[in-house]
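Here is what each chain is made of, one letter per residue.
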Amino acid sequence: MCGIVGFIGHKNAKDVVLNGLTRLEYRGYDSAGLSLYNQRYQIFDVYKDEGRVAKLVESTKHADFSTIGIGHTRWATHGKVNKENSHPHYSQTRRFIVVHNGVIENYQELKDQYLHNHVFQSETDTEVIAQLIETFSQTLHVENAITTTLKLLHGSYALLVLDSNDPEKIYAAKYKSPLILGVGSDGITIASDLMALVGYSSDYHALDDKTFIVARKDDVRLFNLDHQPLDLHLKKIELDDAVTTKGEYAHYMLKEIHEQPSVIRRILTNYYDKDIVQIKPEILSAIKDADRLYILAAGTSMHAGLIGKQLFEKLCEIPVEVHIASEFAYQKPLLSKKPLFILVTQSGETADLRACLVDLNERGFETLTITNVPTSTLAREATYSIELFAGPEIAVASTKAYVAQVSVLTILAYELSQKPFDLHTELSKAAISIENFLASENIREIVRHYLTRRNAFFIGRGLDYFIGLEAALKLKEISYIQTEGFAAGELKHGTIALIEDSTPVIALISDPKMSPNTRSNLKEVQARGAKTFKIVLESCKIEGDEVIIDDVYSLLTPLVMVVPTQLIAYYAALERAYDIDKPRNLAKSVTVE
Ligand code: AGP
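Cut-offs applied
- Position labels on residues start from 1 in each chain and follow its written sequence.
- Totals for whole chains, interfaces and linings use every residue, but because this is a predicted model, local features are given only for residues with pLDDT of at least 70 and side-chain atom pairs only at 80 or more, for both listing and counting.
- To obtain the side-chain values, all non-hydrogen atoms of the structure were used and water was disregarded.
- Throughout, the term near means that a residue has one or more heavy atoms lying within 4 Å of the molecule or strand in question.
- We define a polar contact as two N or O atoms separated by no more than 3.5 Å, with the added condition that, inside protein, one atom must be a possible hydrogen donor and the other a possible acceptor, whereas residues neighbouring each other in sequence contribute only through side-chain atom pairs.
- The protein chains shown are the only cover counted for residues, whose accessible areas, like all others here, come from Shrake-Rupley with a 1.4 Å probe.
- Under the DSSP-based scheme used, a helix requires at least four consecutive residues in state H or I and a strand at least two consecutive residues in state E, with every element numbered from the N terminus.
- In what follows, a contact means two residues having at least one pair of non-hydrogen atoms within 4.5 Å.
- Buried Ala, Val, Leu, Ile, Met, Phe, Trp, Tyr and Cys residues form a nonpolar core when they are joined through side-chain atoms within 4.5 Å.
- Partly exposed describes any residue whose relative accessible area lies between the buried limit of under 20% and the exposed limit of over 50%, with all areas from a 1.4 Å probe on protein chains only and scaled to the type maximum.
- Residue ranges assigned to the domains are those given by an automatic or database domain assignment.
- It is the directions from the helix axis to the C-beta atoms that the arc portrays.
- Two rings from Phe, Tyr or Trp (for Trp, the six-membered ring) form a pair when their centres sit within 6.5 Å of each other. Planes less than 30 degrees apart are called stacked, planes more than 60 degrees apart edge-to-face, and all others tilted.
- Both a distance and an angle decide whether a charge sits over a ring: NZ of Lys or CZ of Arg must be within 6 Å of the ring centre and within 35 degrees of the ring normal.
- Paired strands, as defined in this entry, are two strands with at least two bridges between them according to DSSP.
- Under this scheme, a helix contributes an axis fitted over its contacting stretch, all axes are lines through C-alpha atoms, and angles between N-to-C directions fall in the 0 to 180 degree range.

J.: With reference to specific residues and values, describe the site of the ligand.
T.: Around the ligand there are 15 residues in total, and Ser301, Thr345, Ser347, Thr350 and Glu477 lie nearest to it. Here an oxygen atom of the ligand and a backbone polar atom of Thr300 are 3.1 Å apart. The contact in question runs from an oxygen atom of the ligand to an N or O atom on the side chain of Ser347, over 2.6 Å. For the ligand, whose free accessible area comes to 410 Å², the fraction covered by protein is 90%.

J.: Explain the side chain of Asp581 to me, and be specific about the residues and the numbers.
T.: Take Asp581: it is sitting in the segment after helix H19 (557-575). A distance of 2.9 Å separates a polar side-chain atom of Asp581 from the backbone nitrogen of Met253. Non-local contacts of Asp581, meaning those with residues more than four positions away in its chain, are made with Lys246, His251, Tyr252, Met253, Ala395 and Val396.

J.: How would you sum up the nonpolar core? Please name residues and give values.
T.: In this structure, Ile287 and Phe312 are the most contacted members of the largest nonpolar core, which totals 143 residues. Considering every element that reaches this core, the biggest residue donor is H19, with 12 residues. Look past the residues within four positions of Ile287 in its chain and what remains in contact with it is Leu293, Phe312, Ile318, Leu340, Leu368, Leu412 and Leu416. Grouped together as the second largest cluster of nonpolar side chains are 26 residues, Tyr107, Ile129, Ala130 and Ala173 included.

J.: So what's going on with the domain arrangement of the chain? Residues and values would help.
T.: Each assigned domain of the chain is listed with its residue range as follows: domain 1 (3-243), domain 2 (246-420) and domain 3 (441-582). Computed over C-alpha atoms only, the centres of domain 1 and domain 3 are separated by 44 Å.

J.: Summarise helix H9 (residues 281-289); cite the residues concerned and give the values.
T.: All of the buried residues in H9 are Ile283, Leu284, Ala286 and Ile287. Projected onto a plane normal to the axis of H9, the buried residues spread over an arc of 155° and lie on a single side. In this structure, H9 carries Pro281 and Lys288 as exposed residues pointing more than 90 degrees from its buried face.

J.: Give a detailed account of the packing of aromatic side chains, specifying residues and quantitative values.
T.: Counted according to the given criterion, the structure contains 15 aromatic pairs. A centroid spacing of 6.3 Å and a plane angle of 35° characterise the contact between Phe212 and Phe223, whose relative ring orientation is tilted. One end of the pair, Phe212, is in strand S12 (residues 211-216); the other, Phe223, is in strand S13 (residues 219-224), and 11 residues separate them in sequence. Residues Phe212 and Phe223 agree in their burial class; the two are buried. For the pair Tyr450 and Phe533, a centre-to-centre distance of 4.6 Å together with 40° between the ring planes defines the contact as tilted. Pair noted here: Tyr450 is in helix H16 (residues 443-450) and Phe533 is in strand S26 (residues 531-537), with a separation of 83 residues, a long-range link. By way of ring pairs, the aromatic residues Tyr294, Phe328, Phe341 and Phe365 are connected into one cluster. Seen from the ring of Tyr90, Arg94 lies directly overhead, with NZ or CZ sitting 3.9 Å from the centre.

J.: Which residues make up the sheet that holds strand S2 (residues 31-38), and what values go with them?
T.: The strands making up a sheet associate through backbone hydrogen bonding, with each pair oriented either parallel or antiparallel. Spatially, 8 strands are ordered S3-S2-S4-S1-S10-S9-S11-S15 in an open sheet, and the strand pairing comes out antiparallel. Unpaired on one side and paired on the other, strand S3 (43-50) and strand S15 (235-236) mark the two borders of the sheet. Relative to S3, S2 runs antiparallel, the two sharing 8 bridges. Bridged to Asn38 within S3 is Ile43. Across the sheet, helix H1 (residues 13-24) is in contact with strand S1 (3-9), S2, strand S4 (68-74) and strand S10 (187-191); its angle to S1 comes to roughly 160°.

J.: Could you give me a rundown of the sheet that holds strand S8 (residues 170-175), with the residues and numbers involved?
T.: The strand order S5-S6-S7-S8-S12-S13-S14 describes an open sheet built from 7 strands, whose pairing is antiparallel. Each of the sheet's edge strands pairs with one partner strand only, and the pair in question is strand S5 (89-90) and strand S14 (229-230). Relative to strand S6 (residues 96-101), helix H4 (residues 126-137) is tilted by about 140°, and along the sheet it contacts S5, S6 and strand S7 (157-163). Running at roughly 150° to S12, helix H5 (residues 142-152) makes contact with S6, S7, S8, S12 and S13 of the sheet.

Spelled out as structure tokens, the structure:
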């Protein structure tokens, strides 16, 4: 996690870096910091403190104009959330200033071996990097001092380094954590995510691992760690400001929930050209030829994977296993003879998933990444990759990426099936169903009435069970209500003991076959005092049901059933006045294992 931004060029670096950090705050928001060159005293000033970028904007209000600067927004890994542990960090004499995203696993060994006489200002792993560079710079040219340090680091890093003796350069390097280089007429920007480059760079280059950069105002050079030059491959930045701002919405999450119908339509436009699917034939063949698919993912993306399993198994009879990435990375199940691994990830940077991919690549397996970020590490390192087209998702709680993941998995499964329905029509109907629901929803009142306790349950059967898991994650993630998603029939095998007077139980009912069973499970919890309400599909509705959604094709129900649950989470957090887009302890892109 953590976001880093650096700028060197012809305008005030403070503005570029602070704007970039604001856009990257989704990556972590425990503390923020910035370093700018102070021409008068010929040193780099460092401003940093715990808290948000907004606080840093205030504290740097009177900073002098500087055409060079680096900044950081932190999600704490090593050391408490406080000023000392905030980035940037500096070396002993303050010659070198460093911001870092990633984790240096061997920092203690490095301290013991090379830095035993050094005084450290923080508890972070990052400070070791600054100290090592300074130590090596006593005998080596600065670029060699940096690459010598990089070669000693175990773990992951995206780094920006300033040298007070040469304030005309930013040094940067990357291993495992993302780093994007942006080039524009005003200068060079280097950041963790393309979003920080929008408005400042016209073109970008997504850096490969073990790349070392030396950036000056009008020129940038790329090397490997042995100092051999590498080529710059620039691509046009196609994002604009509108997609990175909240617009008329109070929160990114609400905006992103409302974007879901257009996400489905955008996916259809990008995946079909006059009914001809636009997926590389080799990707479809790789899926078809596999004797088993292994879907690997984390969190919400894993929940989308659970729906993907149902789609592949029901539509094309390919067996599928879904695994939590952090478990699969170190505890593999017995694999089939011809597996294909599908990595589902919004960010394309999730470290747990990367650990899986590195191992799968080493073992020569074919992999397919489905991601919202085509420039991401997981997109670049997999055998194949395809895009979600959800547009930037900024709220930490994932909503539209889930709908995009389920839509894209549906298209993949459909294209390998006997095509038992018209997918284009049915996905379009799902988009309309979501729109109709959003236009008339009354979720806020429901939340006020029902979600009055510290706990809650979602129950459902079949596909609704998997929606219940996602609904529970969303609710706990942003409202801090302890929530569980349960297979409705399983509750009576133990968990029903938790039902007390007024415990909220929300039933998801989209399959007419299973509706009577779920409804009788509701009666069981009502008899024990639960306060229940139902989210149902039109064709399952009976009198008294609270939330009704327009019917959609049976396999597409997750796309619409999930939406009310997203709003339940949203309004529960709003009622409690929590920070909806940046819930406590979390970050959007989880780049540590
Ligand atoms: C969802 O609301 C979460 N914030 C989280 O579970 C997320 O889905 C997970 O960390 C996986 O991220 P990815 O899709 O970027 O790999």
